[in-house]
Amino acid sequence: MSSNKTIVWFRRDLRIDDNPALAAAVKDGSIFPVYIWCPKEEGQFYPGRVSRWWLKQSLAHLEQSLKSLGAELTLIKTESTLSALLDCINATGATKVVFNHLYDPVSLVRDHSIKEKLAEVGISVQSYNGDLLYEPWEIYDEKGQAFTTFNAYWDRCLNMKTEPISLLPPWRLVPAAGTVERCSVEDLGLENESEKSSNALLGRGWSPGWSNADKILTEFVEKQLINYSKNRLKVGGNSTSLLSPYLHFGELSVRKVFQCARMKQILWKREQNSQGEESVTLFLKAIGLREYSRYLCFNFPFTHERSLLSNLRYFPWHADTNHFKAWRQGRTGYPLVDAGMRELWATGWMHNRIRVIVSCFAVKFLLLPWKWGMKYFWDTLLDADLECDILGWQYISGSLPDGHELERLDSPEIQGSKFDPEGEYVRQWLPELARMPTEWIHHPWDAPLTVLKAAGVELGLNYPKPIIDIDTARERLTQAIFKMWETEAAAKAATSDGMNEEVFDNSDGMETSAIPKIVLKEKSSCPTYSSNDQKVPSFHNGNNNGSLNRKRAKFVEEERLPADKLKNHDKEAGTSRGEEDLCSTAESSAKRQSTSTSRMSFSVPQSCSSSEGRPLQEYDSSELKRSWQEKIDLEQTSSKNGAMR
Ligand SMILES: Cc1cc2nc3c(=O)[nH]c(=O)nc-3n(C[C@H](O)[C@H](O)[C@H](O)COP(=O)(O)OP(=O)(O)OC[C@H]3O[C@@H](n4cnc5c(N)ncnc54)[C@H](O)[C@@H]3O)c2cc1C
């Protein structure tokens, strides 16, 4: 073994197993493992209470594991990550720093700058893929361009020549001596005194830490995976793996998850167990969505020139703080939405389907700025993960070619009967509706007075009336979309040259939840780069087009907008959108791109402009009279259209 000393900088890779940065450092000599907590650098993405609780438990777990292998984890609370790393280098005489990649916009900028600064003082820096099956810059289409739909992306991943492989954990660590100002897990300040009592409950349901993650994975793969295809849409109980917080903090290697599931797939294929095979396919697709979230953030990053969800930049948001409060508190009068929001508040957790329903409700029923919703999720989710959160909000708000259309408005009462047919989920989280018969549980406002009375429900007193009725919500959404188009057309007309257009987001400046404005400036390349190294996004102001505007393929009759207006918009704005979009921005892809990526404009589906289009206003009474089965069938058809569930 050589006498090299390496600083192993842990971030969201809190595990020993299949940790490439740790493995490389161990092979090279002695190691100095460090975790640096710098609240100032977290900015507006400072983690919420439950997420910090998780981190605290997980760090304590990692500390123990490293100790048992022979090395101490040094915990540092600081105002500057760079200066903390330099302190460690000075204290140990290390010549190298290693870490695993992160892809969220905040980390990309920080890591890039740290790498450059360390290189300037002669420290070798090496970074590795510890978070993904494939790096975002490894997956491109035949033309070398970034994929803009999930299915095509995932198909390419599954057909890569090399399957991802996991590394064995080190069995012994040689510590590098050195003393820096360090603190205990408690002193990091991840949990306030006032938060401790609320957090105590979390420990009953969750066991953070990498070796617990391993046990949960094994249990899931051995017992529940086989039924995943059947159970994954059930919103109550443990119908899915519950692995997301472990994956977020890197307590579990995604390569290991992939391999375990693949082994089962091979086995079930041999046994001709079609349900098992389908379950693995769907579970791997879920893992693929997590990969895709990183892929999109890397290949289509948001900047101050191009804000996230830019298709909504002219949307006339209703920044109503009372509505926001009602949504947060689970007092909208829609039982499924309220149950979800109460579960989130109480446990830091929600099923994917419920996340879709409550986020749609915030954006499309209440027209609340999506940034408010996203920030609230960030603050309250146990698995709060910037990339997955961004993907989720993009998916529901018409920003992805294969996500929901912006004008799609699903009724929470119909979704309730589909995803919570017996009303058990609602009863669990809304005790005030516990005695409502199943028939009325998802739409108590339609229930006869005698039924309400017998169930002890007094609408407007112990359970709210709907905050907005569905027909009004549809009408408001339609108007908002038209207004958005009008404003967009006017803005375009005001600028003769699209490239000079001043880009802003209508929701900028609303409360404190602005998304970070990030620019990576071109700089000379870092001397320590190798083939393993993290690529960084870069921006080009050419006419290239890499933004993720949606192409609306399918359209359900229930969700049609008035045809004449849509036709007009198609003429006015439909073709112009693509021209103003910036290029695909992955450094590696930008080099390869000579033409524009995709010219997906904010266009209107063909079917809308046909004479079959029924104006939205006609929906009121006839819509309510439709049979339940008919409505459910319609929604099932429409949900099949989305590639992402
Ligand atoms: C508006 C919205 C916000 C979201 N915010 C987050 C978030 O902050 N953090 C987060 O981890 N997930 C987020 N998701 C995705 C998804 O809801 C969760 O990953 C999933 O519910 C976690 O449960 P599980 O581990 O039991 O999932 P499983 O169904 O068992 O899936 C296994 C793993 O695949 C990944 N995965 C599954 N579905 C998705 C998805 N739709 N998008 C991305 N990855 C997925 C997760 O890592 C998950 O742990 C969000 C979804 C929406 C619609």
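Residues numbered from 1 in each chain as written. Predicted model: local features only at pLDDT ≥ 70, side-chain atom pairs only at ≥ 80, totals over all residues. Heavy atoms only, no water.

Where an unreviewed UniProt entry is consulted, the protein appears under the name Blue light photoreceptor, with the organism given as Corchorus capsularis. In the Sequence similarities (unreviewed entry) part of its UniProt record, the protein is described as follows: "Belongs to the DNA photolyase class-1 family." (UniProt positions renumbered as here; feature names shortened; annotations may be inferred.)

**Q** Describe the side chain of serine 65, with residues and values.
**A** With respect to the secondary-structure elements, serine 65 resides in helix H3 (residues 49-69). On the basis of relative accessibility, which here comes to 12%, the residue serine 65 falls in the buried class. There is a polar contact of 3.0 Å between the side chain of serine 65 and the backbone oxygen of histidine 61. Not counting the four nearest positions on each side in its chain, serine 65 is found in contact with Ile16 and Trp210. (Helix = DSSP H or I, 4+ residues; strand = E, 2+ residues; numbered from the N terminus. Buried < 20%, exposed > 50% of the residue type's maximum accessible area, 1.4 Å probe, protein only. Polar contact = N/O pair within 3.5 Å; in protein donor to acceptor, adjacent residues only side chain to side chain. Contact = heavy atoms within 4.5 Å.)

**Q** Tell me about the UniProt feature "binding site: FAD" (unreviewed entry) in the protein, and name the residues and values.
**A** The UniProt record marks Tyr228, Thr240, Ser241, Leu242, Leu243, Ser244, Phe283, Asp383, Ala384 and Asp385 with the feature "binding site: FAD" (unreviewed entry), using the residue numbering of this structure. Positionally, threonine 240 belongs in the loop between helix H10 (228-231) and helix H11 (244-248). What threonine 240 contacts, discounting residues up to four positions off in sequence, is Phe220, Tyr228, Arg232 and His351. You can see aspartate 385 is positioned in the loop between helix H17 (370-380) and helix H18 (386-396). Within the structure, the side chain of aspartate 385 is placed 2.8 Å from the side chain of arginine 294, a separation counted as a polar contact.

**Q** Run through the nonpolar core, naming residues and quoting values.
**A** One finds Phe315 and Trp327 to be the most contacted residues of the largest nonpolar core, which totals 146 residues. Ranked by residue count, the leading element in this core is helix H13 (residues 274-299), at 11 residues. Counting residues in each nonpolar core, the second largest holds 19 residues, with Cys88, Ile89, Val97 and Ile114 among its members. (Core = buried A, V, L, I, M, F, W, Y, C linked by side-chain atoms within 4.5 Å.)

**Q** For the site of the ligand, give the residues involved together with the corresponding values.
**A** Around the ligand sit 28 residues, and of these Tyr228, Thr240, Ser241, Leu242 and Asn352 come closest. Contact between the ligand and threonine 240: an oxygen atom at 2.6 Å from a side-chain N or O atom of the residue. At a separation of 3.0 Å, an oxygen atom of the ligand approaches a polar backbone atom of aspartate 385. Protein coverage of the free-state accessible area of the ligand, which is 820 Å², stands at 97%. Those elements that provide at least two residues to the shell around the ligand are H11, H13, helix H16 (352-365) and H18. Along the lines of polarity and charge, the residues of the shell around the ligand split into 16 nonpolar, six polar and six charged. (Near = heavy atom within 4 Å. Areas by Shrake-Rupley, 256 points an atom, 1.4 Å probe, with all protein chains shown as cover. Nonpolar A, V, L, I, M, F, W, Y, C, P; charged D, E, K, R; others polar.)

**Q** Can you break down the packing of aromatic side chains residue by residue, with the values?
**A** Per the stated rule, a full pass over the model turns up 30 aromatic pairs. Between tryptophan 53 and tryptophan 54, the aromatic rings sit 6.3 Å apart at their centres with planes inclined by 80°, giving edge-to-face as the arrangement. Each member of the pair, tryptophan 53 as well as tryptophan 54, carries the same accessibility label: buried. Geometrically, the ring pair formed by phenylalanine 324 and tryptophan 327 is stacked, given 6.1 Å between the ring centres and 20° between the ring planes. Residue phenylalanine 324 and its partner tryptophan 327 are both found in helix H14 (residues 321-329); the two are separated by three residues, about one turn of the helix. In this structure phenylalanine 324 comes out as buried when scored by relative accessible area, which is 8%. (Phe/Tyr/Trp six-rings, centres within 6.5 Å; stacked < 30°, edge-to-face > 60°.)

**Q** Can you tell me about the UniProt feature "site: Electron transfer via tryptophanyl radical" (unreviewed entry) in the protein, naming the residues and giving the values?
**A** Here the UniProt feature "site: Electron transfer via tryptophanyl radical" (unreviewed entry) sits at Trp317, Trp370 and Trp393. Within the secondary structure, tryptophan 317 sits in the loop between H13 and H14. Considering the arrangement of structural elements, one finds tryptophan 370 in helix H17.

**Q** Got a sec to walk through the sheet that holds strand E3 (residues 74-77)? Specific residues and values, please.
**A** Ordered by their spatial adjacency, five strands build an open sheet running E3-E2-E1-E4-E5, and the pairing between neighbours is parallel. Every interior strand has two partners, whereas the edge strands, E3 and strand E5 (124-128), have only one. Strand after strand, the sheet turns through a mean of 25° between neighbouring axes, direction not considered. Inspection of the sheet shows strand E1 (residues 4-10) paired to strand E2 (residues 29-37) by seven bridges, in the parallel sense. Its bridge partner being in E2, threonine 6 is matched across the sheet by isoleucine 31. Contacts between H3 and the sheet are confined to E1, E2 and E3, with E2 contributing the most and set at about 165° to the helix. (Pairing = 2+ DSSP bridges. Axes fitted to C-alpha atoms, helices over the stretch in contact; angles between N-to-C directions.)

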